[in-house]
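Chain residues, written in single-letter form:
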Amino acid sequence: MTALLEVKNIDKFYDQFHAVKNVTFSLEKGEIGCLLGPSGCGKTTLLRTIAGFEDLATGSISIAGQMVAGEQTIPPERRNIGMVFQDYALFPHLTVSENIAFGIEQLSSGEKSKRIADLLKTVELEGAGNKYPHELSGGQQQRVALARALAPEPKLLLMDEPFSNLDVALRENLSTEIREILKARSITALMVTHNQNEAFAMADKVGVLSCGCMEQWDTPHSIYHHPSNPTVAGFVGEGVFINASITEKGHIQCALGTLKADTDLNFDNGAQAKLLIRPEDVIHNDDSPYGAEILSRTFRGPNILYKLKLDNGEQILSLVPSHHQHAVGQRIGIYQEVEDLVLFPADSSMDAGQQCPR
Ligand SMILES: Nc1ncnc2c1ncn2[C@@H]1O[C@H](COP(=O)(O)OP(=O)(O)OP(=O)(O)O)[C@@H](O)[C@H]1O
């Protein structure tokens, strides 16, 4: 099966600055991908090269089997792409219906009206066709922007931080809603976001970028539970690395006791490693022989996030139901319940989530 979007070994420079480095990934028809990564890692640049707003130095991009950049270049308007931007970019002097009609002027008026009515229904804005953008909320405007991008029935939809102007509750609802709309229509889409919750809620595949490199392109589950390197592990979720040693085949010793691996660890006996401990892996239980001192606490509604100091001085995080009330400085009992062992060699660079040089 040919991928709908195929990005192969692309490099992009701004003068001497290497903004995208040998990036390869693909999306099947109907799949939703999200590009995630710290500020300046190249997410928008990558999206813009796919849209055709930026030239490539090397590599190729194909959409629905047609090469659009590489040995041949096809201009943005002929790439059959729809775009949704952070600031909605609606025409303020046009009504909602006129905004949606913008890219389908070539259709007969009957077809146009039918397409607009269908899209207004899809984005749940029936009855809002005669309104102007300023009469709508941010979330409604972004739904109009989506309808406008979908009107010409593009092969690929690109979305650049589409929810970042919206408040937190709305972002979550809208990301789920938009995923459902795209899935119902089998639309292939690629979205850029800073927000990992959004990426996980929306995407079939997530690409974690760092300093222009694609660190991992994988399902949200694998990105979270099987990160391929410390950069991905540290960027996604709130994990902390602690020291560990491989004592015998499949046994790992750390400050939280001994852990046993079900699979081959690819470490020699006696090897030193860094073990990822996520806050949800650390369970509060005062009967546990392992204890830690509370260094700080952050109330999060249903949970409290404790920063804890282990007896050997290492620090970890623990997510505890918020009806537990413990003060900073108090000692609590904890035990580990690490389900997915994420281990990297002790000498790995742990520069996760850092700003990329510009
Ligand atoms: N037109 C340009 N000319 C020169 N450098 C640029 C240009 N556009 C982007 N860059 C640089 O390329 C790098 C990647 O930028 P890009 O906007 O793609 O990052 P990003 O991951 O989308 O960041 P953010 O999340 O902050 O929007 C940055 O270092 C940026 O300064």
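Residues numbered from 1 in each chain as written. Predicted model: local features only at pLDDT ≥ 70, side-chain atom pairs only at ≥ 80, totals over all residues. Heavy atoms only, no water.

- The protein chain is annotated in an unreviewed UniProt entry as ABC transporter related of Maridesulfovibrio salexigens.

A look at the UniProt feature "domain: ABC transporter" (unreviewed entry) in the protein chain
Here is step 1: This chain's UniProt record puts "domain: ABC transporter" (unreviewed entry) on residues 5-236.
Here is step 2: Helix makes up 34% of residues 5-236 and strand 27%, with an end-to-end C-alpha separation of 25 Å. (UniProt positions renumbered as here; feature names shortened; annotations may be inferred. Helix = DSSP H or I, 4+ residues; strand = E, 2+ residues; numbered from the N terminus.)

So, the site of the ligand
Here is step 1: By nearness alone, 13 residues border the ligand, and Ser39, Gly40, Lys43, Thr45 and His194 come closest of all.
Here is step 2: Measuring from an oxygen atom of the ligand, one finds a side-chain N or O atom of Thr44 at 2.9 Å.
Here is step 3: The contact in question runs from an oxygen atom of the ligand to an N or O atom on the side chain of Thr45, over 2.5 Å.
Here is step 4: In the complex, the protein chains occlude 66% of the 640 Å² of accessible area that the ligand would expose alone.
Here is step 5: Listing elements by their share of the shell around the ligand, those giving two or more residues are strand S2 (17-27) and helix H1 (43-51).
Here is step 6: Among the elements that line the shell around the ligand, the one with the most residues is H1, at three residues.
Here is step 7: Broken down by class, the residue content of the shell around the ligand amounts to five nonpolar, six polar and two charged. (Near = heavy atom within 4 Å. Polar contact = N/O pair within 3.5 Å; in protein donor to acceptor, adjacent residues only side chain to side chain. Areas by Shrake-Rupley, 256 points an atom, 1.4 Å probe, with all protein chains shown as cover. Nonpolar A, V, L, I, M, F, W, Y, C, P; charged D, E, K, R; others polar.)

Examining the sheet that holds strand S4 (residues 58-63)
Here is step 1: The strand order across the open sheet formed by four strands is S2-S1-S4-S5, and the pairing between neighbours is antiparallel. Strands with a single pairing partner mark the edges of an open sheet, and in this sheet they are S2 and strand S5 (66-69). If you compare each strand with its neighbour and ignore which way they point, the axes differ by 30° on average. (Pairing = 2+ DSSP bridges. Axes fitted to C-alpha atoms, helices over the stretch in contact; angles between N-to-C directions.)

Details of the nonpolar core
A general feature of soluble globular proteins is that nonpolar side chains tend to end up buried together.
Here is step 1: Ile100, Leu146, Leu157, Met159, Leu182 and Met202 are the most contacted members of the largest nonpolar core, which has 46 residues in total.
Here is step 2: When residues of this core are assigned to their parent elements, the largest contribution, six residues, is made by helix H4 (residues 138-150).
Here is step 3: When residues no more than four places from it in sequence are discounted, the contact partners of Leu146 are Val84, Val123, Leu157, Ile178, Ile181 and Leu182. (Core = buried A, V, L, I, M, F, W, Y, C linked by side-chain atoms within 4.5 Å. Buried < 20%, exposed > 50% of the residue type's maximum accessible area, 1.4 Å probe, protein only. Contact = heavy atoms within 4.5 Å.)

So, the sheet that holds strand S15 (residues 282-284)
Adjacent strands of a sheet form backbone hydrogen bonds with each other and so pair up, either parallel or antiparallel.
Here is step 1: Reading across the sheet, the five strands line up as S15-S19-S16-S17-S18 and stay open at both edges, with antiparallel pairing between neighbours. In this open sheet, the two edge strands, each paired with only one partner strand, are S15 and strand S18 (315-321). Pairs of neighbouring strands in the sheet enclose a mean axial angle of 50°, with direction left out of account.

So, helix H5 (residues 168-184)
Here is step 1: Taking 1.5 Å of rise per residue, 17 residues should cover 24 Å, and H5 covers 25 Å from first to last C-alpha, within 8% of that figure.
Here is step 2: Listed as buried for H5 are Arg171, Leu174, Ser175, Ile178, Ile181 and Leu182. On an axial view of H5, the arc spanned by its buried residues comes to 130°, and they lie on one face. More than 90 degrees from the buried face of H5, the exposed residues found are Ala169, Glu180 and Ala184.
Here is step 3: Turning to H5, the residues buried within the fold contact strand S3 (32-36), helix H3 (109-122), H4, strand S7 (156-160), strand S8 (188-193) and helix H6 (196-202).
Here is step 4: Ser186, located one to two residues past H5, shows a positive phi value of around 50°. (Expected span 1.5 Å × (residues − 1). Arc of directions from axis to C-beta.)

Some words on the packing of aromatic side chains
Here is step 1: Applying the stated criterion to the full structure yields four aromatic pairs.
Here is step 2: Pairing Phe91 with Phe102 gives two aromatic rings, centres 4.6 Å apart and planes at 50°, and the pair type is tilted. Pair noted here: Phe91 is in the loop between strand S6 (81-84) and helix H2 (96-101) and Phe102 is in the loop between H2 and H3, with a separation of eleven residues, a long-range link.
Here is step 3: We classify Phe91 as partly exposed; its relative accessible area is 26%. (Phe/Tyr/Trp six-rings, centres within 6.5 Å; stacked < 30°, edge-to-face > 60°.)

Focus: the side chain of Arg79
Here is step 1: Structurally, the position occupied by Arg79 is in the loop between S5 and S6.
Here is step 2: Buried and unpaired, Arg79 has Asp55 as its nearest opposite-charge partner, separated by 6.4 Å.
Here is step 3: For Arg79, the side chain forms a polar contact with the main-chain oxygen of Val68, separated by 3.0 Å.
Here is step 4: Setting aside residues no more than four positions away along its own chain, Arg79 makes contact with Thr49, Ile50, Ala51, Gly52, Ile63, Val68, Ala69, Thr73 and Ile74. (Lys, Arg positive; Asp, Glu negative; His and termini not counted. Salt bridge = Lys/Arg side-chain N within 4 Å of Asp/Glu carboxyl O.)

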